[in-house]
Amino acid sequence: MKVLFHGHGFLPATENKLSMFRTFKILWRKNSKQWINWLVAWRIANFSERQFLYLLSFVVGIVSGLAALILKNLIHFVDERLTQWIAVDSISYLFLIYPFLGIVLTVFFVRFFIKDDIGHGVSKILYAISRQSSRIKPHNTWSSMVASSLTIGLGGSVGAEAPIVLTGASIGSNLARLFRLNYKYITLMVGCGAAGAIAGIFNAPIAGIVFTLEVLMLDLTMAFLIPLLISSVTAAVISYLFMGEEVLLRFMQIHPFSVDTVWFYIFLGLFTGMVGLYFTRMTMYLEKKFKTIHSWAVRLLIGGLLMGVLVFIFPPLWGEGYREIALIFNEKGFNLLNNSLFFSWKDSEYLILIFLAGILIFKVVAMVATTGSGGIGGIFAPTLFMGAIAGYFFALLFNISGKFDLPGNNFALAGMAGMMAAVMHAPLTAIFLTAEMTGGYDLFIPLIITSTVAYVTIMRFEPHSVYTKRLAQTGDLLTHHKDKTVLRMMNVRNLIETDFEVLPPNATLGDLVKAISRSHRNLYPVVDENGILKGMVKLSDVKNLIFEHELYGKVKVKDLMYMPEFFISPHDSMEIVAEKFETCGRYNLAVIEEGKYLGFISRAVAFSKYRKTVQDFSHE
């Protein structure tokens, strides 16, 4: 082995290289820390808090908008190159191969390069806000983009929106942490990144803001609203500069809205609400089944093959599905049968209905097969796709009777809003995003009706959205419960009061009276020589004995004490503390760790700290 002279001896070359690497690593950390300190000092010296938040939200909007454009164009570029030469009137076995290949590449990229779970983007943001002080890992600024482009570009039946929202949120989180902002402003920048991603990918700034407020549950205050507006509009302008007036889906309203069709939109809301319930329940059920498969290779094989077979049978399940939605908008829904085994069914409306029903049933299966086997993508695009199919199916079902002439494209647009409202539990996001994304502003009334009815319908059966259901099941859903969030931000040990007069068990009544004269408390813990709490004496219980001077040397404290029924461990959460205060009705609770007395927590101090935390958390 080659050796190098080192100091007073010799070291192997490999050890020398490791030593150099460690030295470089230490110097890098030291220099980067100094650079960050300088950056923070520069920020404090040159900007007020509000000015800096506005500036940072502008930067987050630019970066997240560019990230959204890069991902969308990359996916579309790959998709076009893979499918443009396939004849529409023939099947292609490449629909069987491409999706499986995309999942294989994604799994190997994530498993051997990223080495982290990057799926379920929106749920990860909610978890980060709830449990990780809004801290999202730096690699999420790019890893989700690469992985989802591999999955979706090669035909995975998922959407790019959740990965790009996670990317935007990670950009906001890491920039805020770079400048050492506190929790509430890191959370704000997470929201700005998410809003910018939605605005950039759909060219829909209002929808970006509403999505952040409605799905991520950020507070609707002026302190939050202005930075969200800046990020969202900035990202939308970036999208406009690169794409012009083009939007992801262009809706040409050929059929005006008629008041006579209001009832049909109500029924469509009921229908999409039930389809949304099927989507939610089936997604959770299938994901649970995939998790029972412990081998990642077996999951990859089963999910990848299942995904490939479903895309081969139902080609509209390929990718995000926006191309198929555009066909429906242009009144060419029969072309959904292109490249399929059922191409000859195009002339029969009854057979087209059967084909559409198959898509509605198996889209969820294809989506979960994609993510369950290791592919990266979200439910956003699948939700919009199923909504458009559901609306088109609904209109066609009534039109077959010959008694109605419902415009399929109008109902497809409303179906998208209804499905989004049901699955995401976000009716406002559904209304504004659908209208902004497609330009279908003239159908606001049908969008509102369908979204509202769909949301009310699913809430009867399912209190949580797909995004929040996983977290609710594990007790990690705090973003939608501000009370729980504030309690989790409080630390039990910081509330412990120790200014109580402590007495030994063999102390006399006279000793107790002296302690009462020195103390402003009405509780007196009795603790032995090992610090173990033996009981406590309440002033109200002994006030009649205080004036019995002849008993001062005769009565022992151990004869007057009682062991509290309710007490707290310093390891308890504030939720448990609040619950005990509410249950027992006491004003003070003893804090005991392994039998040893630490102090008391009073209801008044806990409430004051809670109120202060709420004020810090409310951002006004």
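Given the structure is predicted, the values throughout are model-derived calculations rather than measurements.

Calculation notes
Residues numbered from 1 in each chain as written. Predicted model: local features only at pLDDT ≥ 70, side-chain atom pairs only at ≥ 80, totals over all residues. Heavy atoms only, no water. Helix = DSSP H or I, 4+ residues; strand = E, 2+ residues; numbered from the N terminus. Contact = heavy atoms within 4.5 Å. Expected span 1.5 Å × (residues − 1). Buried < 20%, exposed > 50% of the residue type's maximum accessible area, 1.4 Å probe, protein only. Phe/Tyr/Trp six-rings, centres within 6.5 Å; stacked < 30°, edge-to-face > 60°. Axes fitted to C-alpha atoms, helices over the stretch in contact; angles between N-to-C directions. Parallel < 35°, antiparallel > 145°, perpendicular 65-115°, else oblique. Nonpolar A, V, L, I, M, F, W, Y, C, P; charged D, E, K, R; others polar. Core = buried A, V, L, I, M, F, W, Y, C linked by side-chain atoms within 4.5 Å. pLDDT = per-residue confidence, 0-100. Pairing = 2+ DSSP bridges. Patch = residues over 30% accessible without salt bridge, like charges linked within 9 Å, V, L, I, M, F, W, Y side chains within 5 Å. Areas by Shrake-Rupley, 256 points an atom, 1.4 Å probe, with all protein chains shown as cover. Salt bridge = Lys/Arg side-chain N within 4 Å of Asp/Glu carboxyl O. Left-handed = near helix turned anticlockwise from the far one by under 90°.

1. What to know about the environment of Thr283
Next up, step 1: Note on placement: Thr283 falls in helix 10 (residues 262-291).
Next up, step 2: Distance from Thr283 to Val466, taken between C-alpha atoms, is 8.0 Å for residues 183 residues apart in sequence.

2. Considerations on the environment of Ile568
Next up, step 1: Looking at the secondary structure, you find Ile568 in strand 5 (residues 567-568).
Next up, step 2: For Ile568, the contacting residues outside a window of four places in its chain are Val492, Val577, Lys580, Leu589, Ala590, Val591, Ile592 and Ile601.

3. Considering helix 16 (residues 427-438)
Since the α-helix turns once every 3.6 residues, residues separated by three or four places project in the same direction.
Next up, step 1: For helix 16, which comprises 12 residues, the first-to-last C-alpha distance of 17 Å matches the rise-based estimate of 16 Å (1.5 Å per residue) to within 8%.
Next up, step 2: The buried count for helix 16 comes to 10 of 12 residues, which makes it a mostly enclosed element.
Next up, step 3: At its buried positions, helix 16 is contacted by helix 7 (183-202), helix 8 (205-214), helix 12 (322-329), helix 14 (380-399), helix 15 (408-424) and helix 17 (444-459).

4. Focus on the packing of aromatic side chains
Next up, step 1: The tally for this structure, following the rule as stated, stands at 27 aromatic pairs.
Next up, step 2: Taken together, a centroid distance of 6.0 Å and an interplanar angle of 55 degrees make the contact between Phe257 and Tyr265 tilted.
Next up, step 3: A relative accessible area of 23% means that Phe257 is categorised as partly exposed.
Next up, step 4: Judged by centre distance (5.3 Å) and plane angle (85 degrees), the rings of Phe264 and Phe398 are edge-to-face.

5. Quick look at the packing of helix 4 (residues 121-131) against helix 6 (residues 161-178)
Next up, step 1: Where helix 4 meets helix 6, the closest approach of the two axes is 7 Å, and the angle between their N-to-C directions is 30 degrees. The orientation of helix 4 with respect to helix 6, classified from their angle, is roughly parallel. Contact residues: Gly121, Val122, Lys124 and Ile125 in helix 4; Ala162, Val165, Leu166 and Ala169 in helix 6.
Next up, step 2: Of the residues in the contact of helix 4 with helix 6, the class split is six nonpolar, one polar and one charged.

6. Examining the nonpolar core
Next up, step 1: With 110 residues, the main nonpolar core has Ile125, Ile164, Phe202, Phe279, Phe380 and Leu384 as its most contacted residues.
Next up, step 2: Sorting elements by how many residues they give to this core places helix 14 first, with 13 residues.
Next up, step 3: Those residues in contact with Ile164 that sit more than four places away from it in its chain are Ala67, Ala68, Leu71, Met145, Ala197 and Ile201.
Next up, step 4: The next biggest cluster of nonpolar side chains, apart from the first, holds 18 residues, and it includes Leu56, Ala176, Tyr185 and Cys192.

7. A look at the confidence of the model for the protein
Next up, step 1: Residue-level pLDDT values for the protein average 82, and 85% of them are 70 or greater.
Next up, step 2: Here residues 1-11 scores under 50 on pLDDT; set against residues more than four positions off or in separate chains, the count is 15 contacts.

8. Some details on the sheet that holds strand 6 (residues 588-593)
Next up, step 1: Spatial strand order, 5-6-7: three strands in an open sheet with mixed pairing. On the outer flanks of this sheet lie strand 5 and strand 7 (596-602), each paired with one strand and no other.
Next up, step 2: Pairing of strand 5 with strand 6, which is carried by two bridges, proceeds in the parallel orientation. When the bridges of strand 6 are listed, Ile568 appears paired with Val591.

9. Quick notes on a nonpolar patch on the surface
Next up, step 1: A surface patch of nonpolar side chains, about 760 Å² in accessible area, is lined by Leu66, Ile70, Leu229, Val233, Val237, Tyr240, Leu241 and Phe242.
Next up, step 2: Contributing elements (two or more residues each) for the nonpolar patch: helix 2 (49-83) and helix 9 (222-243).
Next up, step 3: Per element, the largest residue contribution to the nonpolar patch is six residues, and it comes from helix 9.
Next up, step 4: Residue placement: Ile70 occurs in helix 2.
Next up, step 5: Judged by its relative accessible area of 51%, Ile70 falls in the exposed class.

10. Quick notes on the packing of helix 11 (residues 296-313) against helix 13 (residues 349-372)
Next up, step 1: One way to put it is that helix 11 packs onto helix 13 with a least axis distance of 9 Å and a crossing angle of 155 degrees. On the basis of their axis angle, the class for helix 11 and helix 13 is roughly antiparallel. Here helix 11 and helix 13 pass one another in a crossing that is left-handed. The residues of helix 13 that touch helix 11, namely those facing Arg299, Gly303, Leu306, Met307, Leu310 and Ile313, are Phe355, Phe362, Val365, Ala366, Ala369, Thr370 and Gly372.
Next up, step 2: Within the contact of helix 11 with helix 13, the residues separate by chemical class into nine nonpolar, three polar and one charged.

11. So, the pattern of salt bridges
Next up, step 1: Scanning all chains against the criterion turns up 11 salt bridges.
Next up, step 2: With a shortest N-O distance of 3.5 Å, Glu161 and Lys72 are connected by a salt bridge. Linking Glu161 in helix 6 with Lys72 in helix 2, this pair joins segments that are 89 residues apart in sequence. Neither residue differs from the other here; Glu161 and Lys72 are each classed as buried.
Next up, step 3: Taking the shortest distance from any N to any O, the salt bridge between Arg518 and Glu501 comes out at 3.2 Å. Placement of Arg518 in helix 20 (residues 509-518) and of Glu501 in the loop between helix 19 (482-488) and helix 20 is noted, with a sequence separation of 17 residues between them.
Next up, step 4: The class of Arg518 is exposed, set by a relative accessible area of 53%.
Next up, step 5: Connected through salt bridges with shared partners, the residues Lys72, Glu161 and Glu320 form a single ionic network.

12. A look at the pairing of strand 7
Next up, step 1: The element strand 7 is extensively covered by neighbouring structure, given that five of its seven residues are classed as buried.
Next up, step 2: Taken together, the six bridges between strand 6 and strand 7 define a ladder with antiparallel strand orientation. Looking at strand 7, one finds that Val591 is bridged to Gly599.

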